[in-house]
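Chains, contacts and geometry: an overview
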Amino acid sequence: MTRTPILAALAFASALAACDKPEQPLKAEAPPSITAHVRVLDADVLIIDGQHVRLANAYAPESLLHARCWAESLASDHATEFAKQLVDRGRMYGVEPNGKTDEYGRKYAIVTIDGADLGDILYNAGLASRPSEPRFDWCQPISQKAEGAPKLSSLYNLN
């Protein structure tokens, strides 16, 4: 009884197995960006799946053409850029219309990005006020006592 042919066969099989390329580890891919579905026009006005939507729980400053002062226009630019960055990084979105529309026919809705309420994010960042009548006046000195005013503490940390 010779063991050499068996050992040689085992050695050959081991050598072949060692030559195989190791299996690549599985890679998890991030979900696709929501930018194909969500477009920011202003911080509080978006186009979502082809529908114009206005945030139901936040009022952002008006852009240059509708702003009542230069400060409001600058605040609008900052708020809009902030919202665009959230959408660019977003992987999931949600829209819950409240059944109302504004004077331009846009649906009022709560919009979420990655599970977080966009209106709340803008308000807590000091980039939007809460809807109120009359609307918050971005051109007046901001007072914590003003109805719907943005949180002042967040205004000091604009990066």
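Calculation criteria
Residues numbered from 1 in each chain as written. Predicted model: local features only at pLDDT ≥ 70, side-chain atom pairs only at ≥ 80, totals over all residues. Heavy atoms only, no water. Helix = DSSP H or I, 4+ residues; strand = E, 2+ residues; numbered from the N terminus. Contact = heavy atoms within 4.5 Å. Areas by Shrake-Rupley, 256 points an atom, 1.4 Å probe, with all protein chains shown as cover. Pairing = 2+ DSSP bridges. Core = buried A, V, L, I, M, F, W, Y, C linked by side-chain atoms within 4.5 Å. Buried < 20%, exposed > 50% of the residue type's maximum accessible area, 1.4 Å probe, protein only. pLDDT = per-residue confidence, 0-100.

1. Side note on the overall build of the protein chain
The helix and strand inventory of the protein chain stands at four helices and six strands. Counting helices and strands in the order they occur from the N terminus, the protein chain gives α-β-β-β-α-β-β-β-α-α. The contacts in the protein chain between residues at least 6 apart in sequence include a share of 55% that link residues at least 24 apart. Total accessible area computed for the protein chain in this model is approximately 10700 Å², and 56% of it derives from carbon and sulfur atoms.

2. Thoughts on the pairing of strand β4 (residues 93-101)
The pairing of β4 with strand β5 (residues 107-113) spans six bridges and is antiparallel. Residue pairing in the sheet places Pro97 in a bridge with Ala109 of β5. Turn length for the β4-β5 hairpin, with the two strands adjacent in sequence and antiparallel, is five residues, and the turn residue Gly105 shows positive phi of about 85°.

3. Concerning the nonpolar core
Counting residues in each nonpolar core, the largest one holds 22 residues, and the members touching the most others are Leu46, Leu55, Leu118 and Leu122. Only β1 (38-42), β2 (45-48), β3 (51-55), α2 (70-89), β5 and α3 (118-124) provide two or more residues apiece to this core. Ignoring any residue separated from it by four or fewer positions in sequence, one finds Leu122 in contact with Ala43, Leu55, Ala79, Phe82, Leu127 and Ala128.

4. Thoughts on the confidence of the model for the protein chain
Per-residue confidence for the protein chain gives a mean pLDDT of 84; residues scoring 70 or more make up 75%. Model confidence for the protein chain, summarised as mean pLDDT per element, is weakest for helix α4 (residues 152-155) at 54 and strongest for strand β6 (residues 116-117) at 98.

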